[in-house]
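Topology and contacts: notes
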Amino acid sequence: MRLSLALVVGLVVVIAIAVTFGETALSAWQYRQAFSDPASAPAEILWSIRAPRAIAAALVGAALGLAGATMQGLLRNPLADPGVLGVSGLAGLGAAVAIAGGLASLPGAVEAAALAGALVAGALVVTLAARLREPEALVLFGVALSAMGGALTALVFNLSPSPVTTAEVLSWLLGSVANRDWGDIGAALIPAGLGAALCAYAARGLRMLTLGEETAALSGLPMARLRAAAVAGAALLTGAAVAMAGVIGFVGLAAPHLVRGAVSDDPARTLVPSALAGAILLVAADLAARMIATDEELKLGVVTALFGAPLFALVAWRAARSWRA
Amino acid sequence: MTPALQLLGASARRGRLPVLIDVSLCVNPGEVLGVVGANGSGKTTLLRVALGLHPLHGGEARLAGRPVRGLSEAERAGLAGYLPQERRVGWNLPAWRVAALGAVHRAPVEAREAAFLALEEVGMAGLAERGVLDMSGGERARILLARLIATGAPLLAADEPAGGLDPDAQFLAMERLRARADAGAAVIATLHDLTLAARACDRLAVIAGGRLLAVGDPASALTPEVLAAAFALEGALIDSPAGPVLAAQRRTVSDLPPSVGVRGGSAEGRGGEV
């Protein structure tokens, strides 16, 4: 509880910083004008450009953090995240197909395709999770699904009619929250909220799964339903995140890892702090992407991968060393 | 009195292979029933079938007189607690939270209370806040036993509760299960150590190749003939001041009657000869 409160404060601070600073330097007088006159240029910069961008980053980060914590609890594996289960991969594929198919001009079409991809992956995982009780088997299936998504996305590149389309798909896959408006955020809130509710419902099942499938099966909890809720919730959250910002890796992996120690490893109590930590991470990463001076603005997905990949190696290294039967 | 657990001509298959064949057995409140048999003889399957975790191929399994297939998850958890052989714990939860998972279907406050009582019962109340992955294997086994006790279920089913434990911990585990039986629960436990089984259980069920070979009090269940057929052992239970002790040696292949079709037993009997 105290941890979540501290994380909320941290999130507010980092969002405030993200709204305050940007490419255009403003004077103290302009900041005052932004608050007093909603029609002024500074107000436009703060409330229509920077604020939605920061909130979008927070929303995507929270969705990925929560999805990651849910996946890790479900699979009892600290290395699981939406990417590992192939959910991000199929969501990206959905978006790639929509863009290559010329649907990019249709408002919401690419987003819907990404969400559909995530849900297809979720449905496949749910179906398989009922058959394969071993979490390891599910991880292997996820790796296969990821590879499949990657191969089909490569096929889209391969067959795409023009270099413009290729660039567009690539830009989507790199991940970004630039130029998002309040409408985009509202649209993403619906699947994300539904996903969050499902994950919250599944929380007690995740804690029960600490002792393995057999013990959980006789715990009195409706495990089949809770497991399905966890996968569906994580898929919706991932789909919402990919629809909003493209494929952004490692936040789902890192966020639960950062907070787990503070909640004594409890997979149920990891959920809320993970969402908050994911939000902080992504707002900070987006701030870095904006502030690091390069000719071409850094893509958010590139920044998270640059920081996330070494972290992944570190987590794997620690997990392997402390692998306890 | 309704038996807490009842198998009526129960059969089960894994794939197309029969792993449990026409087993009839009951466990009554207040008793500890031990299930013994060689590796692969069907002990775990018997427990899983009885608890509705493995599908029946024929016959029936009942908990407190009700067919296990017709029970909801919550009803089943109210009638039976299960300690599987799998002891892997996924996360480093504090001991009391693991024990509280036994009462996960109850209100959090009640679950916590049941957890601490159960930890006290297994002598682990002092380590309630310690992470289970920071414990020794023996300590963790006690925490998992406390989780079983915290279910408060009228039937406690334990798959090898003494597996991998030192002698003192083995006796402690069986003593705790006995205490639950004395308090009115029915206990069924699979065991590998026949001496421990003979001392700790009221009745023993011996299975071999998926069939029930003998049921009864330890002395009448573990006769030299049953030892030979189920375990390929030559010997007998003998009395000692501390209780019965198994004195036996392996039978060589030439001693085995050709009619003994015991999968696990005969395989182990051959092991040394090949």
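This write-up is about the structure you can find in this document. This is a predicted model, so every value here is computed, not measured.

It is worth spelling out the overall build of chain A at this point. Each helix and strand counted, chain A has 13 helices and zero strands in total. N-terminal to C-terminal, the α/β element order of chain A is α-α-α-α-α-α-α-α-α-α-α-α-α. In summary, chain A has a C-alpha radius of gyration of 20 Å against a globular reference of 20 Å for 325 residues, a match within 12%. Each principal axis of the C-alpha distribution contributes one length, and for chain A these read about 65 × 50 × 35 Å. Looking at the 325 residues of chain A, the share that counts as buried comes to 53%. Within chain A, counting contacts between residues at least 6 apart in sequence, those at least 24 apart form 79% of the total.

This paragraph deals with the interface of chain A and chain B. With 22 residues of chain A at the interface, the matching set in chain B holds 25 residues. Listed by contribution, the elements that provide at least two residues to the side of chain A that touches chain B are helix H8 (182-208) and helix H9 (213-217) of chain A.

Residues and elements named next belong to chain A. A rise of 1.5 Å per residue sets the reference length of helix H10 (residues 223-245), with its 23 residues, at 33 Å; its end C-alpha atoms lie 33 Å apart and thus fit the reference within 8%. Counting buried residues along H10, 20 of its 23 residues qualify, which places the element largely inside the surrounding structure. Following H10 by one or two positions, Gly246 adopts a phi angle in the positive range, close to 80 degrees.

This next bit is on the sheet that holds strand E7 (residues 155-159) of chain B. Residues and elements named next belong to chain B. The strand order across the open sheet formed by six strands is E6-E7-E8-E3-E9-E10, and the pairing between neighbours is mixed. Only two strands of the sheet have a single partner each, and these edge strands are strand E6 (80-83) and strand E10 (211-216). Strand-to-strand twist of the sheet, defined as the mean angle between neighbouring strand axes without regard to direction, takes the value 15 degrees. Sheet analysis places strand E9 (residues 203-208) next to E10, joined by five bridges and oriented antiparallel. When the sheet's bridge partners are listed, Ala208 is paired in E10 with Arg211. Contacting strand E3 (32-36), E7 and strand E8 (186-191), helix H6 (residues 167-182) crosses the sheet at an angle of about 155 degrees to E8.

Grouped together as the largest cluster of nonpolar side chains are 209 residues, with contacts concentrated most on Ala58(A), Leu59(A), Val60(A), Ala63(A), Val283(A), Ala99(B) and Leu155(B). It is helix H3 (residues 41-75) of chain A that provides the largest number of residues to this core, a total of 17 residues. With residues near it in sequence (within four places) discarded, Val283(A) still touches Val14(A), Ile15(A), Ala18(A), Ala54(A), Ala57(A), Ala58(A) and Gly61(A).

All names here are of chain A. Here H3 is 35 residues long and its end C-alpha atoms lie 49 Å apart, about the 51 Å a rise of 1.5 Å per residue gives. Along its length, H3 reaches its greatest deviation from straightness, about 35 degrees, at Arg50, and the proline Pro52 lies no more than four positions downstream. Within H3, 25 of the 35 residues are buried, which leaves the element mostly enclosed by the surrounding structure. Within two residues after H3, Arg76 carries a phi angle of roughly 50 degrees, on the positive side.

What follows covers the environment of Phe21(A). Residues and elements named next belong to chain A. Secondary-structure assignment places Phe21 in the loop between helix H1 (2-20) and helix H2 (28-36). Residue class for Phe21 comes out partly exposed when judged on the 14 C-beta atoms lying within 10 Å of it. The sequence separation of Phe21 and Ala137 amounts to 116 residues, and the corresponding C-alpha distance is 46 Å.

Residues and elements named next belong to chain B. As summarised here, the arrangement of the four strands in space is E2-E1-E4-E5, forming an open sheet in which the pairing is antiparallel. Each edge of the open sheet is held by one strand with a lone partner, namely strand E2 (17-27) and strand E5 (66-67). Here strand E4 (residues 58-63) runs beside E5; their pairing, made up of two bridges, is antiparallel. The residue of E5 that forms the bridge with Arg62 is Pro67.

With that settled, the discussion passes to the environment of Glu121(B). All names here are of chain B. Among the secondary structure elements, Glu121 is positioned in helix H4 (residues 108-121). C-alpha of Glu121 to C-alpha of Ala186: the two residues are 65 residues apart in sequence and 17 Å apart in space. Here Glu121 is in contact with Ala146, Ile149 and Arg176, once residues within four sequence places are set aside.

Attention now goes to unusual backbone geometry. One non-glycine residue, Asp265(A), lies in positive phi territory at about 70 degrees. Looking at the secondary structure, you find Asp265(A) in the loop between helix H11 (251-260) and helix H12 (271-291). For Asp265(A), a count of 21 C-beta atoms within 10 Å translates into the label buried. Here Asp22(B), not a glycine, exhibits a phi torsion of approximately 50 degrees, which is positive. Inspection of the secondary structure puts Asp22(B) in strand E2.

The rules behind these values
- Residues numbered from 1 in each chain as written.
- Chains lettered and ligands numbered in written order.
- Predicted model: local features only at pLDDT ≥ 70, side-chain atom pairs only at ≥ 80, totals over all residues.
- Helix = DSSP H or I, 4+ residues; strand = E, 2+ residues; numbered from the N terminus.
- Rg over C-alpha atoms; globule rule 2.2 N^0.38 Å.
- Buried ≥ 20, exposed ≤ 12 C-beta atoms within 10 Å, placed from the backbone.
- Contact = placed C-beta atoms within 7 Å.
- Expected span 1.5 Å × (residues − 1).
- Pairing = 2+ DSSP bridges.
- Axes fitted to C-alpha atoms, helices over the stretch in contact; angles between N-to-C directions.
- Core = buried A, V, L, I, M, F, W, Y, C linked by C-beta atoms within 7 Å.
- Bend = angle between axes of the 7 residues up to and from the residue.

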